Amino acid sequence: MYGGGYIYEEPNQRAGMPAATQEDPEMLAAFEARIARGEKIEPRDWMPTLYRKQLIRMIEQHAHSEIMGALPEGTWITRAPGFKRKLALIAKVQDEIGHGQLLYNAAETLGKSREAMINDLISGKAKYSNVFNYPAVTWADVTVIGFLIDAAAIVNQVANSKGSYGPYCRALERICFEESFHLKQGHDAFIDLATGTPLQRRMLQEALNRWWQPIIHFFGPPDKDSQHTEKLMQWKVKMASNDDMRNQFLDQYVPKIWELGLTLPDPELRKDSASGKWLFGDPDWDLFHKVINGQGPCNQERLRVRQWAEFQGRWVREALMQPTEQWTAPAA
Ligand code: FAQ
């Protein structure tokens with residue numbers, strides 16, 4: 001396990017459940033008035049216990065997702081088709097790890113140590129995005145991730161970068177700049193396959209079929225079943241609901257897929273002209289819950305890789321933690 005002290009005491013309650021302690025009503029009212037005025041909350045400001053817990057939960061899960069998200073694409077670095085695609089993929093994977101660092105920093109400002117977060121990830125306790133528990137079977141899977149998963153992440157992150165917690169919003173703004181570039185390279189690779197040989201097109205279609213349901217799941221359960229949305233939207237941590245973000249993604253990207261002559265594996269998918277909402281078939285929410293609770297196709301494999309990386313990197317962390325006076329001067 002990762003060494004180092006815990007700053008944050010894990011509460012007895014599950015993060016996100018109502019806090020046992022009653023907040024001072026005056027402090028709470030002043031806090032909520034600040035949020036209503038659109039002010040940013042900063043680490044040293046007073047905040048309700050539940051706001052702090054919810055932010056830690058969400059930012060930590062987001063950070064883990066970036067780190068785990070590098071794994072399916074990372075397996076393709078040695079096999080990317082050609083020098084330029086390889087360079088772009090290496091840079092993208094590095095960026096995703098960098099996003100994880102930014103987000104761990106933002107979560108640390110709320111009092112949970114990096115060590116505690118990493119321990120929760122490698123012990124399998126923490127959640128991370130469902131989509132990274134599926135295999136990238138062919139290069140077309142990497143292309144779908146680079147185009148559509150980055151697009152989905154951008155829809156979510158652009159909205160939430162306008163939220164209430166300063167350090168998270170600033171991290172998201174920076175992440176969105178880089179994600180927009182990832183999206184461009186993903187789109188470019190997607191068009192290449194879509195307009196390529198019949199075999200390339202077939203490979204892309206098969207990857208789309210594999211990824212469509214996980215992408216629909218990516219935005220979280222339907223609003224009616226979401227545990228946290230109402231409170232998080234009230235406190236402007238989430239700036240749109242799961243259903244609204246999913247709808248925005250479908251609105252922006254389904255036409256781009258259809259205009260390339262590709263299909264989506266959902267016969268019920270269509271836009272309802274009266275409501276402006278997209279309608280789709282049941283995306284198997286039982287499967288979603290299995291995947292986010294450790295029973296997806298790659299959960300065990302992904303965790304093993306992270307555990308191995310922690311073990312391999314331990315000597316570096318230990319060496320860095322040595323006080324400088326213990327360093328031995330090289331022999332003259
Ligand atoms: N996967 O009450 P809600 C990326 C959980 S970054 C796993 O609706 P909430 C970059 C949820 O945590 C991708 N778990 O929850 C990249 C909760 O469980 P808990 C990650 C999920 O928080 C691209 C329970 O279900 N982005 O892709 C998922 O209000 C390409 C109930 O759900 C973020 O994390 C899911 N998809 O809304 C990297 C953005 N959905 O904690 C490499 C920040 C829900 O009670 C390559 N997060 N759950 O045990 C958010 O915006 C929100 O947390 C949501 C979920 C929208 C994900």
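Before going into details, it helps to say that this report is about the structure given with it. Treat the numbers as computed from the prediction; the structure is a model and nothing was measured.

## Describing the overall build of the chain
Tallying secondary structure elements over the chain gives 12 helices and 2 strands in all. Secondary structure of the chain in N-to-C order comes out as α-α-α-α-α-α-α-α-α-β-β-α-α-α. Here the chain has a C-alpha radius of gyration of 21 Å; the compact-globule value for 332 residues is 20 Å, and the two agree. Expressed along its principal axes, the backbone C-alpha trace of the chain runs to roughly 65 × 60 × 35 Å. Relative to its full complement of 332 residues, the chain shows a buried share of 48%. In the chain, 77% of the contacts between residues at least 6 apart in sequence involve partners at least 24 apart. Surface accessibility of the chain: about 17000 Å² in total, with carbon and sulfur atoms responsible for 57%.

## Considerations on a nonpolar patch on the surface
A surface patch of nonpolar side chains, about 370 Å² in accessible area, is lined by Trp-315, Val-316 and Leu-320. Within the secondary structure layout, Trp-315 lies in helix H12 (residues 314–321). On the accessibility criterion, Trp-315 (61% relative accessible area) is exposed.

## What to know about the site of the ligand
Lining the immediate surroundings of the ligand are 38 residues, of which Gln-61, Lys-127, Asn-156, His-228 and Lys-238 lie closest. One nitrogen or oxygen atom from the side chain of Gln-61 is found 2.7 Å from an oxygen atom belonging to the ligand. Between Ser-226 and the ligand, the recorded distance is 2.8 Å, taken from a side-chain N or O atom to an oxygen atom. Burial of the ligand by the protein amounts to 95% of the accessible area it has alone, namely 1100 Å². Among the elements of the structure, helix H2 (49–74), helix H3 (83–108), helix H5 (139–160), helix H6 (166–194), helix H7 (198–218), helix H8 (229–234) and helix H10 (285–295) are those that each provide at least two residues to the shell around the ligand. Take the shell around the ligand: its biggest share by element is 8 residues, from H2. Its residues assigned to classes, the shell around the ligand comprises 12 nonpolar, 16 polar and 10 charged.

## Here we look at unusual backbone geometry
Most peptide bonds take the trans form, and the phi angle of most residues other than glycine is negative. Its identity as a non-glycine residue notwithstanding, Lys-236 has a phi of 55°, on the positive side. At Asp-284, a residue that is not glycine, the phi angle is positive and equals roughly 50°. With respect to the helices, strands and loops of the structure, Asp-284 is situated in the loop between strand E2 (278–279) and H10.

## Things to note about a negative patch on the surface
Taken together, the side chains of Glu-268, Asp-282, Asp-284 and Asp-286 make up a negatively charged region of the molecular surface. The partly exposed category is assigned to Asp-284, whose relative accessible area is 33%.

## Observations regarding the packing of H5 against H6
Geometrically, a packed helix pair is captured by the angle between its two axes and the distance between the axes. As a packed pair, H5 and H6 sit with axes 8 Å apart at the nearest point and diverge in direction by 150°. It follows that H5 is roughly antiparallel to H6 by the angle criterion. For the pair H5 and H6, the crossing hand works out as left-handed. Of the residues in the contact of H5 with H6, the class split is 15 nonpolar, 8 polar and 2 charged.

## Quick notes on the side chain of Asp-266
You can see Asp-266 is positioned in the loop between helix H9 (242–258) and strand E1 (270–271). One buried charged residue, Asp-266, forms no salt bridge at all, with the nearest opposite charge on Arg-270 at 9.4 Å. Of the polar contacts made by the side chain of Asp-266, one reaches the backbone nitrogen of Gly-281; its length is 2.9 Å. What Asp-266 contacts, discounting residues up to four positions off in sequence, is Trp-212, Phe-280 and Gly-281.

## Observations regarding the pattern of salt bridges
One pass over the full model with this rule turns up 22 salt bridges. Between Arg-34 and Asp-45 there is a salt bridge, with the nearest N and O atoms lying 3.1 Å from each other. Here Arg-34, found in helix H1 (residues 25–36), pairs with Asp-45, found in the loop between H1 and H2; they are 11 residues apart in sequence, far enough to count as distant. Assessed through its relative accessible area of 22%, Arg-34 is described here as partly exposed. Two residues, Asp-243 and Arg-246, come together in a salt bridge whose shortest N-O distance is 2.9 Å. Here Arg-246 and Asp-243 lie together in helix H9, a separation of 3 residues that amounts to about one turn.

Conventions and cut-offs
Residues numbered from 1 in each chain as written. Predicted model: local features only at pLDDT ≥ 70, side-chain atom pairs only at ≥ 80, totals over all residues. Heavy atoms only, no water. Helix = DSSP H or I, 4+ residues; strand = E, 2+ residues; numbered from the N terminus. Rg over C-alpha atoms; globule rule 2.2 N^0.38 Å. Buried < 20%, exposed > 50% of the residue type's maximum accessible area, 1.4 Å probe, protein only. Contact = heavy atoms within 4.5 Å. Areas by Shrake-Rupley, 256 points an atom, 1.4 Å probe, with all protein chains shown as cover. Patch = residues over 30% accessible without salt bridge, like charges linked within 9 Å, V, L, I, M, F, W, Y side chains within 5 Å. Salt bridge = Lys/Arg side-chain N within 4 Å of Asp/Glu carboxyl O. Near = heavy atom within 4 Å. Polar contact = N/O pair within 3.5 Å; in protein donor to acceptor, adjacent residues only side chain to side chain. Nonpolar A, V, L, I, M, F, W, Y, C, P; charged D, E, K, R; others polar. Lys, Arg positive; Asp, Glu negative; His and termini not counted. Charge placed at Lys NZ, Arg CZ, Asp CG, Glu CD. Axes fitted to C-alpha atoms, helices over the stretch in contact; angles between N-to-C directions. Parallel < 35°, antiparallel > 145°, perpendicular 65-115°, else oblique. Left-handed = near helix turned anticlockwise from the far one by under 90°.

These figures come from the coordinates and say nothing about function on their own.
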